[in-house]
Amino acid sequence: MEVVRPQLIHRWISVFVLICLFSFEAQCFYLPGVAPQDFMKGDPLMVKVNKLTSTKTQLPYSYYSLPYCTPKQIVDSAENLGEVLRGDRIENSPFEFHMREPQMCNVVCHIVLNAKNAKELKEKIEDEYRVNMILDNLPLVMPIKRPDLDTTVYQHGFHVGLKGQYAGSKEEKHFIHNHLTFTVKFHKDPQTDAARVVGFEVKPFSVKHEYDGEWNGKNRLTTCDPHAKRTVTSSDSPQEVEDKKEIIFTYDVEFEESDIKWASRWDTYLLMADDQIHWFSIVNSLMIVLFLSGMVAMIMLRTLYRDISKYNQLETQEEAQEETGWKLVHGDVFRPPINSDLLCVYVGTGVQFFGMTVVTMTFAVLGFLSPSNRGGLMTAMLLLWAFMGVFAGYASARLYKMFKGSEWKKITLKTALMFPGVVFVLFFVLNALIWGEKSSGAVPFGTMFALVFLWFGIAVPLVFVGSYVGFKKPAIEDPVKTNKIPRQVPEQAWYMNPVFSILIGGILPFGAVFIELFFILTSIWLQQFYYIFGFLFIVLVILIVTCAEITIVLCYFQLCSEDYLWWWRSYLTSGSSALYLFLYAAFYFFTKLEITKPVSGMLYFGYMLIASYAFFVLTGTIGFYACFWFTRLIYSSVKID
């Protein structure tokens, strides 16, 4: 048995420490998706508006779906595929800023609500919708003081309005935030006098503006007057939302010099969670899983080494009266399983997913998928999924040929269409639900066509290329011959029941990811940034190791019990962690989210079903290949007559 050298252990520990350090550094620096832009004093700053979002409904709407002030012409900003799928709708706005030139009480417009507009505003206030804006590619945030921790946290955007009561009234009214106090933070270059935007904050107020005479667009407001240096500092006389009510939208702009450099301006956004991420909790969990994995690996190596020595020793001494344990089923262990075609399809799809995940994570850890590049992560995943089709075809064809299959085109077509087909049908149904709600999150026909083209124009041909190459290769040879007549599997102990062992097998891989899963779900469904890709990469590595080891251990016990039907069970053992993922998603829904609309609930469970299905394919394939390698290794290590 090979002895592991101390130098090798030290090298791996060094690599692990470097990855850990890199994961902490990942918050502080990123390779920007855009070049920095310098602004001289008086240069115009383009303020753009984005979608309205709510954690209660999860349905985004475009900014101009509400009766807000519009510019002379609404212009859409170019959006990538990821942005469209996220529901981003970035458009120009009527707000006009000039670098380092403060403004006070700028009137944007004056509107009179009708019954329809008032109803829409009330609904959005009721559902706690937030307005999102962008300045120099930085999202708008609202600082909130936390007296309990004596810190400031930042919330994405600002609420459309609020519900409250007038003094002395018991009836709840709806009030709109119609006055915005913007703060633009800038970092000044001492040599050139140019400045870069490093922060974009807002304080919203609800104010019933007053003026003298009839409104003609040039009236001076008595509630907010730059000449009298009277500005809005509170919402003591709020603006009510009712039919026939007039609303005047105003804003202030303040400029504040900051020590934050442009390269670090995202730090504030990446630490926006209400509570600091429990770093030590994550590290502790990962250490436990690593320790457990190490224990399992040591037990397996020692037990197997003893088994192989015993079997080979018995053969040499001609004392083998009767074979026992896993050696006994050597004539059946490589017999093709039932539904072998389906197994080939799932293994090929899993390889495609594995390739996409590893490459995406590598790019993310290196900082290429920075948060400034909105939609970049999703776009990268979709493109990589399509290009990894070549590996899916190759893997499924190689396995199919090993099972003595001959119709390679049929298996290729199934690999190219089955998983994406199921996901596309689910996605189409969910998109129809979003469309029915008139949400901007609905994927337009043009984007849907682009997705179909990506699937049939790139992914499917590449699957065929990979399959053709894989099928041309010589078939994988089994290390032992398979008997013509299948052996009967003896009755198994209760703990070796397939359902029980499969469900047990999924617990450890899920345990490796569930803490990180909480933060991922929070970032997706509570609309916070997730950018701890260094840690996520470590979690992915540990997930791979855990899936492989738990499957090998349970496969070994299964073969020792003279049950040779390991093909599908190896896939389902680690793949069952997807069941726990979906159950955890349901637990998260009922304990952390405040979703009340049935459509929003259906969207949540629909998308989590797609995520769980993808997780099943990924973890199942890792377990299958680990078991495949393990069985070939042990049966090629013993002498069999």
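Residues numbered from 1 in each chain as written. Predicted model: local features only at pLDDT ≥ 70, side-chain atom pairs only at ≥ 80, totals over all residues. Heavy atoms only, no water.

Colleague: Give me the state of the cysteines: which residues, what numbers.
Modeller: Covalently bonding the sulfur atom of one cysteine to the sulfur atom of another cysteine gives a disulfide. A complete count under the given rule lists 2 disulfides for this structure. Note on cysteine connectivity: Cys-69 is disulfide-linked to Cys-109, with sulfurs 1.9 Å apart. Residues Cys-69 and Cys-109 are joined through a disulfide that is left-handed, its torsion about the S-S bond being -75°. With a gap of 40 residues between them, Cys-69 in the loop between strand S1 (44–53) and helix H2 (81–86) and Cys-109 in strand S3 (residues 103–112) connect regions that are remote in the sequence. Of the two residues, Cys-69 and Cys-109, neither departs from the other in class, the shared state being buried. Paired through a disulfide, Cys-105 and Cys-224 show a sulfur-sulfur distance of 1.8 Å. With the S-S bond torsion at -95°, the cross-link from Cys-105 to Cys-224 turns out left-handed. Here Cys-224 lies in the loop between strand S12 (195–205) and strand S13 (246–257) and Cys-105 lies in strand S3, a separation of 119 residues in the sequence. Grouping residues by exposure puts Cys-105 and Cys-224 together as buried. By sequence-ordered numbering of the bonded cysteines, the protein has its disulfides arranged as 1-3, 2-4. (Disulfide = S-S within 2.5 Å. Helix = DSSP H or I, 4+ residues; strand = E, 2+ residues; numbered from the N terminus. Buried < 20%, exposed > 50% of the residue type's maximum accessible area, 1.4 Å probe, protein only.)

Colleague: With reference to specific residues and values, describe the pairing of strand S10 (residues 173–176).
Modeller: Burial along S10 is two-sided: Lys-173 and Phe-175 and His-174 and Ile-176, pointing in opposite directions, are all buried. Sheet topology places strand S9 (residues 161–164) next to S10; 4 bridges connect them, and they run antiparallel. Along S10, the bridge assignment pairs Lys-163 with His-174. (Pairing = 2+ DSSP bridges.)

Colleague: Quick rundown of the environment of Gly-511? Include the residues and the values.
Modeller: Along the chain, Gly-511 turns up in helix H12 (residues 507–525). Accessibility expressed as a relative area gives 22% for Gly-511, which makes it partly exposed. C-alpha separation for the pair Gly-511 and Val-289, spaced 222 residues apart in sequence, amounts to 7.8 Å.

Colleague: Give a description of helix H8 (residues 389–402) that names residues and reports values.
Modeller: With 14 residues, H8 should cover 20 Å at 1.5 Å per step; its first-to-last C-alpha distance of 20 Å lies within 8% of that length. Burial within H8 is extensive, with 10 of its 14 residues counted as buried. Among the residues of H8, Gly-389, Ala-392, Gly-393, Ala-395, Ser-396, Ala-397, Arg-398, Leu-399, Tyr-400 and Met-402 are the ones counted as buried. Packing partners of the buried residues in H8 comprise helix H6 (340–366), helix H7 (376–387), helix H9 (408–436), helix H10 (445–472), helix H14 (567–575) and helix H16 (598–635). (Expected span 1.5 Å × (residues − 1). Contact = heavy atoms within 4.5 Å.)

Colleague: Residues and numbers for a nonpolar patch on the surface, please.
Modeller: A surface patch of nonpolar side chains, amounting to about 560 Å² of accessible area, comprises Trp-494, Tyr-495, Phe-500, Ile-504 and Ile-507. Mapped onto the elements, Ile-507 comes out in helix H12. Its relative accessible area of 45% is what places Ile-507 among the partly exposed residues. (Patch = residues over 30% accessible without salt bridge, like charges linked within 9 Å, V, L, I, M, F, W, Y side chains within 5 Å. Areas by Shrake-Rupley, 256 points an atom, 1.4 Å probe, with all protein chains shown as cover. Salt bridge = Lys/Arg side-chain N within 4 Å of Asp/Glu carboxyl O.)

Colleague: Could you give me a rundown of the packing of aromatic side chains, with the residues and numbers involved?
Modeller: Evaluated as defined, the whole model comprises 54 aromatic pairs. On the basis of an interplanar angle of 70° and a centroid distance of 6.5 Å, the ring pair of Trp-408 and Phe-464 is categorised as edge-to-face. Of this pair, Trp-408 sits in helix H9 while Phe-464 is found in helix H10, placing the two residues 56 residues apart along the sequence. You can call Phe-464 partly exposed: its relative accessible area is 25%. (Phe/Tyr/Trp six-rings, centres within 6.5 Å; stacked < 30°, edge-to-face > 60°.)

Colleague: So what about the pattern of salt bridges? Which residues, and what values?
Modeller: When the charged atoms of two side chains with opposite charge come close together, those side chains can pair. On inspection of all chains with the given rule, the structure shows 17 salt bridges. Between Arg-86 and Asp-88 there is a salt bridge; the shortest N-O distance is 2.9 Å. The closest approach of N and O atoms between Glu-126 and Lys-163, which form a salt bridge, is 2.7 Å. Here Lys-163 lies in strand S9 and Glu-126 lies in helix H3 (residues 115–126), a separation of 37 residues in the sequence. Exposure remark for Lys-163: the relative accessible area of 35% places this residue in the partly exposed category. By sharing partners, the salt bridges in this structure join Lys-51, Arg-86 and Asp-88 into a single network.

Colleague: Describe H9, and please don't skip the residues or the numbers.
Modeller: In a regular helix each residue adds 1.5 Å, so 29 residues correspond to 42 Å; H9 covers 42 Å between its end C-alpha atoms and thus fits that length. Bending of H9 peaks at approximately 30° at the position of Gly-421. Once H9 finishes, Lys-438 follows within two positions and takes phi at roughly 55°, a positive value. (Bend = angle between axes of the 7 residues up to and from the residue.)

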